[in-house]
Amino acid sequence: AESRPKVWVSQPLFDDIVERLHAHFDVVRVPDVSEHDASAIANALREADGALVTLNERIGSDAIADAPKLRAIANVGVGYNNLDIDALQARDIVATNTPDVLTETTADFGFALMMAAARRVTEAERHLRAGQWHGWNFKGLLGADLHGSTLGILGMGRIGQGIAKRASGFDMRVIYHNRSRLPADVEREFNASYVDFGTLLAQADHLILVLPYSAASHHIVDAAALAKMKPTATLTNIARGGIVDEAALADALSSGRLASAALDVFEGEPTVDPRLLAQGNIVLTPHIGSGSLATRRAMVALAVDNLIAALGAGPDAGHPSSVIAPAADDGK
Ligand code: 8YV
């Protein structure tokens, strides 16, 4: 009998879902692989026909070049800056991600963080827990309103649109900036106006970052950008840490040039810049934007389906539902 394709599952994930891979493949787990250990990742890929990975596994060009059998990588997550897409593309290796299933959950969480920053929820809780609440204080811990304010969305993809949809229920005025302007009917649907990046920064009372990380978005929110924001504004990042210059953000928060921030993602995560940790007016969460149980399960299920399809094993052989490489417009 033909030997079955080998797939590498990089993380424990949900056993009852990952189990579906066993019907088609020899599943290799490397439980002792430290998440960021490049040589262990390369070793795992060297023998693999396919892999199910998370943002913790950086799949670089060296590992890809050294993986002769590799035909498919299913990324658990919508963002895929952990994958060297050009190297995958050059080898015609199929790469997939998990959009859509996490859109609403992540938009919910973006709203939660923005509200927490505006109304100083975690700062107030720390104050109370530290025994610093010595009586009700009329002027204590005053925040900013969401209702009636202007929401700026940088990155108007699926999650950005989910946030815009929620904002209309909060009577917010929505402005957005995106690589490309949305069609007029979509702008109308979300009640969102397109503005240039400078206008977005200058007019937003609350700015939320929901764009993919790339060379083009690296530190796009830097000192110069922060200087254009209102001193009363909040900044929320649920995209990727590298989009924000964290040192500049810490400066803006400590000098009062920005009222508050909320970050779910960090440039060097899981390490958090001590200058951010030292600020009171910041909400910090450990990259949990898509983290509802139902959604994390749906992400794994989609990645498993994608891997089965990409390796040509299932009923939808060859047609994973969310392909990020090879690009559709590569002439095929
Ligand atoms: C995931 C995320 O938890 O989807 C993304 O881009 O950042 C998160 O939802 C992460 O990617 C898991 O690999």
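Residues numbered from 1 in each chain as written. Predicted model: local features only at pLDDT ≥ 70, side-chain atom pairs only at ≥ 80, totals over all residues.

## Regarding helix 5 (residues 103–118)
Under the convention used in this document: Starting at the N terminus, helices and strands are each numbered in turn, a helix being any DSSP run of H or I of at least four residues and a strand any DSSP run of E of at least two. Helix span is expected to be 1.5 Å times the residue number reduced by one. Once C-beta atoms are placed from the backbone, each residue is buried if 20 or more other C-beta atoms lie within 10 Å of its own, exposed if 12 or fewer, and partly exposed for counts between those two.
If you check helix 5, its first and last C-alpha atoms are 22 Å apart, about what 16 residues at 1.5 Å a residue would give, namely 22 Å. Taken together, the buried positions of helix 5 are occupied by T105, T106, A107, F109, G110, F111, L113, M114, A116, A117 and A118. R120 sits one or two positions beyond helix 5 and adopts a positive phi of about 55 degrees.

## Re the nonpolar core
Put simply, the rule is: Connectivity within a nonpolar core runs through C-beta atoms within 7 Å, and the core itself is a set of buried Ala, Val, Leu, Ile, Met, Phe, Trp, Tyr and Cys residues. Here, residue contact means that the backbone-derived C-beta atoms of the two residues sit within 7 Å.
Core analysis: the largest hydrophobic core is formed by 54 residues, its most contacted members being I153, V174 and V210. At eight residues, the largest contribution of residues to this core is made by helix 5. Setting aside chain neighbours within four positions, we find V174 in contact with L151, I153, A164, A167, F190, N191 and A192. Counting residues in hydrophobic clusters, the runner-up holds 43 residues, among them V53, A74, I93 and L302.

## What to know about the sheet that holds strand 9 (residues 206–209)
As a general point, the strands of a sheet are linked pairwise by backbone hydrogen bonds and lie either parallel or antiparallel. Our working rule: Strand pairing follows a simple DSSP-based rule, namely that at least 2 bridges must link the two strands. Angles shown run from 0 to 180 degrees and are taken between the N-to-C directions of axes, each axis being a line fitted to C-alpha atoms and, for helices, limited to the stretch in contact.
Taken in spatial order, the seven strands line up as 8-7-6-9-10-11-12 in an open sheet, and their pairing is parallel. Edge strands, defined here as strands with exactly one partner in the open sheet, are strand 8 (192–194) and strand 12 (282–284). Looking at each pair of strands side by side, their axes are set apart by 20 degrees on average, direction ignored. Alignment of strand 9 against strand 10 (residues 234–237), held across four bridges, turns out to be parallel. Paired with L207 across the strands is L235, a residue of strand 10.

## Overview of the UniProt feature "domain: D-isomer specific 2-hydroxyacid dehydrogenase NAD-binding" (unreviewed entry) in the chain
Where we set the bar: UniProt positions are given in the numbering used here, feature names are shortened, and annotations may be inferred rather than shown by experiment.
Per the UniProt record, the feature "domain: D-isomer specific 2-hydroxyacid dehydrogenase NAD-binding" (unreviewed entry) sits at residues 111–289. End C-alpha to end C-alpha, residues 111–289 measures 10 Å, and it is 35% helix and 16% strand.

## Let's talk about the pairing of strand 6 (residues 150–154)
What counts is decided by this rule: Convention used here: a crossover is right-handed provided that the path from the first strand, over the helix, to the second strand proceeds clockwise when the strands point away from the viewer.
Strand 6 sits mainly inside the fold: four of its five residues count as buried. In the classification by handedness, the crossover that spans strand 6, the intervening helix 7 (residues 158–169) and the parallel strand 7 (residues 173–177) is right-handed. Where strand 6 meets strand 9, four bridges bridge the pair, whose relative direction is parallel. Bridge assignment links G152 to a residue of strand 9, and that residue is L207.

## Notes on the site of the ligand
Where we set the bar: Here, nearness is defined through the C-beta atom: a residue counts as near a molecule or strand if that backbone-placed atom lies within 6 Å of it. Lys, Arg, Asp and Glu make up the charged group, whereas Ala, Val, Leu, Ile, Met, Phe, Trp, Tyr, Cys and Pro make up the nonpolar group; the residues left over, Gly among them, are polar.
Around the ligand, the neighbouring residues are T54, L55, V76, G77, V78, G79, L102, G289 and S290. In terms of residue class, the shell around the ligand is made up of four nonpolar, five polar and no charged.

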